[in-house]
Number of protein chains: 2
Amino acid sequence: MDTVTVLKAIADETRLRILALLYTAGDLCACEIEAVLRLTQSNASRHLSRLRAAGLLSDDRRGHWVHFQIAPTAFGRYPFVASAIDAARRDLPLVSADLDRLERYRSSAYTCETIREWASA
Amino acid sequence: MDTVTVLKAIADETRLRILALLYTAGDLCACEIEAVLRLTQSNASRHLSRLRAAGLLSDDRRGHWVHFQIAPTAFGRYPFVASAIDAARRDLPLVSADLDRLERYRSSAYTCETIREWASA
DNA sequence: CAATTATATGATTACATGAGCATATACTCA
DNA sequence: TGAGTATATGCTCATGTAATCATATAATTG
């Protein structure tokens, strides 16, 4: 992927939030990302596949669930992505709120399979 | 300027070319940028003002000519910009061609005031 | 002041993008 | 195999963006 394409992929608030979330969380399934960031299902899915198409995310299906993580090659190939995530963590207010919700979710007893109840609570 | 706005400002091939050019050249007037990158006058002007609005360029009018450079604060505030310029220099073919033309212009006797003749040659 | 040249901007057109809704597909389990 | 759930995708609408042409503004020089 060329530099411009990758830059366009990360030049979006929602996609930066996804990257910042995965940067902290390491690995999450689509429904967890959707719930923590409070996105609609189709919206989350579209942004995830755009990031994957740009080579920034890798995915891994486990039964119903598709788990995403930042592609192992992403930072090596596109160093500015790491740097942009860093900036987003510092100055995007939504990112802080997202990471708080991640923390709350993780310290609860909810999982992938019960996350819909968590989200509506 | 927030991270997303700055990322959108650099997520464009023409604007990356301008940044890469100024990164090497240091300081150029609008008509030089226009000629080296082979852009139309209005197109160059619009991209330049978008980069300036994002805080990435500073300008300095000297008589007829407005000189642009990368804003001294740009890399400190937005480290990913330096990193993206670096990537663009490595893999955007147009950037290499631009830098070649810069070199040819600089080693010629043409200046700001005669650049139109240079451009049409 | 008038003519000239550099730069900026309004108006338009073509195209890309993001969101939402509805629906399709992929997978599991009874 | 059929029901149910997770994810993907077609369609549409509203908005944003980049390019071009024409014109305006700013500065210099005669």
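Refer to the structure above for everything that follows.
Just so we're clear, the structure is a prediction, and the values are computed from it rather than from any experiment.

Participant: Please clarify how helix α1 (residues 3-10) of chain A should be interpreted in this entry.
Facilitator: Each α-helix winds once per 3.6 residues, and so residues spaced three or four apart point in a common direction. Burial analysis of α1(A) places six of its eight residues in the buried class, which makes it a mostly covered element. Of the residues making up α1(A), those classed as buried are Thr3(A), Val4(A), Val6(A), Leu7(A), Ala9(A) and Ile10(A).

Participant: Which parts of the structure should I look at to understand the protein's contact with DNA strand C?
Facilitator: Of all residues adjacent to DNA strand C, which total 24 residues, the nearest are Arg15(A), His47(A), Arg50(A), His64(A) and Arg46(B). For DNA strand C, the backbone portion of the atoms within 4 Å of the protein, that is sugar and phosphate, comes to 55%. Between a phosphate oxygen of DNA strand C and a side-chain N or O atom of Arg50(A), the distance comes to 2.8 Å. One of the side-chain nitrogen or oxygen atoms of Ser45(B) is found 3.1 Å away from a phosphate oxygen of DNA strand C.

Participant: Mind showing me how you'd approach the side chain of Thr14(A) here?
Facilitator: All names here are of chain A. With respect to the helices and strands, the residue Thr14 is situated in helix α2 (residues 13-25). Using a relative accessible area of 16% as the deciding quantity, one classes Thr14 as buried. When sequence neighbours within four positions are dropped, the list of residues in contact with Thr14 reads Leu39 and His47.

Participant: How should the layout of surface pockets be read in this particular structure?
Facilitator: The method is simple in principle: a probe with the dimensions of a water molecule rolls over the atoms, and the space it marks as empty is what remains. Residues and elements named next belong to chain B. A volume near 290 Å³ is recorded for the largest pocket. Lining the largest pocket are 19 residues, and of these Ala30, Cys31, Glu34, Gln41 and Val66 sit closest to its centre. Elements supplying a minimum of two residues to the lining of the largest pocket: α3 (30-37), α4 (41-53), β3 (65-70) and α8 (115-119). The element contributing the most residues to the lining of the largest pocket is α4, with six residues. Each residue belonging to the lining of the largest pocket can be placed in one class, and the counts come to ten nonpolar, four polar and five charged.

Participant: Sorry, what's going on with the protein's contact with DNA strand D here?
Facilitator: Near DNA strand D, the surroundings consist of 24 residues, among which Gln41(A), Arg46(A), Arg15(B), His47(B) and His64(B) are the closest. Considering the 4 Å shell around the protein, atoms of DNA strand D inside it are sugar or phosphate in 54% of instances. In this structure, a phosphate oxygen belonging to DNA strand D sits 2.9 Å away from a main-chain N or O atom of Cys31(A). The separation between a base oxygen of DNA strand D and a polar side-chain atom of Arg46(B) is 3.5 Å. At the level of secondary structure, the elements contributing two or more residues to the surface near DNA strand D comprise α3 (30-37), α4 (41-53) and β3 (65-70) of chain A together with α2 (13-25) and α4 of chain B. Residues that form the surface near DNA strand D fall into these classes: five nonpolar, eleven polar and eight charged.

Participant: Even after reading the chapter, I still don't get a positive patch on the surface, so can you show me in this structure?
Facilitator: Taken together, the side chains of Lys8(A), Arg50(A), Lys8(B) and Arg50(B) make up a positively charged region of the molecular surface. The topology assignment puts Arg50(B) in helix α4. Of the residues examined, Arg50(B) reaches a relative accessible area of 39% and is grouped as partly exposed.

Participant: Would you explain the state of the cysteines in this entry?
Facilitator: The bond known as a disulfide is covalent and runs between the sulfur atoms of two cysteines. Residues and elements named next belong to chain A. Tallied over the entire structure, the rule returns zero disulfides over all chains. Free of any disulfide, Cys31 has its nearest neighbouring cysteine sulfur in Cys29, separated by 3.0 Å. On the basis of relative accessible area, Cys31 is assigned to the buried category, the value being 12%.

Participant: Looking at this model, I keep getting lost on the nonpolar core. Mind explaining?
Facilitator: Most often, soluble globular proteins keep nonpolar side chains buried together rather than apart. The biggest cluster of nonpolar side chains holds 92 residues, and the ones touching the most others in it are Ile10(A), Leu56(A), Phe80(A), Ile10(B), Leu56(B) and Phe80(B). Apart from the residues lying within four places of it in its own chain, the contact partners of Ile10(A) are Leu16(A), Leu19(A), Leu56(A), Phe80(A), Val81(A), Ala84(A) and Leu7(B).

Participant: Quick question: what am I supposed to make of the relation of the copies chain B and chain A here?
Facilitator: The two chain copies are related to each other by a rotation about an axis together with a translation along it. Of the two same-sequence chains, chain B is brought onto chain A (RMSD 0.0 Å, axial shift 0.0 Å) by a rotation of 180°. Those values place the two copies in the arrangement expected of a two-fold rotation axis. Taking C-alpha positions as reference, the residue of chain B nearest the rotation axis is Phe80(B), located at 2.4 Å. Here 100% of the interface residues in chain B have copies in chain A that are interface residues too; the copies meet face to matching face.

Participant: Quick question: what am I supposed to make of the side chain of Asp98(A) here?
Facilitator: Residues and elements named next belong to chain A. Structurally, Asp98 is set in helix α7 (residues 93-106). Judged by relative accessible area, Asp98 falls into the buried class, the value being 1%. At a separation of 2.7 Å, a polar atom in the side chain of Asp98 contacts the side chain of Arg17. If we skip the residues at most four places from it in the chain, Asp98 touches Arg17, Leu21, Val36 and Leu37.

Participant: Teacher, can you tell me more about the interface of chain B and chain A here?
Facilitator: Where the parts come together, the accessible area they lose is often given as the size of the interface. Taken residue by residue, the interface counts 17 residues in chain B and 17 residues in chain A. Between chain B and chain A, roughly 1,400 Å² of surface is buried when both sides are summed, and carbon and sulfur atoms account for 68% of that area. Considering only the side of chain B, the residues that lose the most area to chain A are Thr3(B), Leu7(B) and Ala11(B), jointly responsible for 33% of the buried surface there. Between the two partners, chain B and chain A, sit zero salt bridges.

Rules behind the numbers
Residues numbered from 1 in each chain as written. Chains lettered and ligands numbered in written order. Predicted model: local features only at pLDDT ≥ 70, side-chain atom pairs only at ≥ 80, totals over all residues. Heavy atoms only, no water. Buried < 20%, exposed > 50% of the residue type's maximum accessible area, 1.4 Å probe, protein only. Helix = DSSP H or I, 4+ residues; strand = E, 2+ residues; numbered from the N terminus. Near = heavy atom within 4 Å. Polar contact = N/O pair within 3.5 Å; in protein donor to acceptor, adjacent residues only side chain to side chain. Contact = heavy atoms within 4.5 Å. 1 Å grid on protein atoms, 1.4 Å probe; cavity = no way out; pocket = protein on both sides within 12 Å on 5 of 7 lines; lining within 4 Å. Points joined across faces, edges and corners; volume = space filled by probe spheres on them. Nonpolar A, V, L, I, M, F, W, Y, C, P; charged D, E, K, R; others polar. Patch = residues over 30% accessible without salt bridge, like charges linked within 9 Å, V, L, I, M, F, W, Y side chains within 5 Å. Areas by Shrake-Rupley, 256 points an atom, 1.4 Å probe, with all protein chains shown as cover. Salt bridge = Lys/Arg side-chain N within 4 Å of Asp/Glu carboxyl O. Lys, Arg positive; Asp, Glu negative; His and termini not counted. Charge placed at Lys NZ, Arg CZ, Asp CG, Glu CD. Disulfide = S-S within 2.5 Å. Core = buried A, V, L, I, M, F, W, Y, C linked by side-chain atoms within 4.5 Å. Least-squares fit on C-alpha atoms with pLDDT ≥ 70 in both. Buried area = accessible area lost by both parts, 1.4 Å probe.

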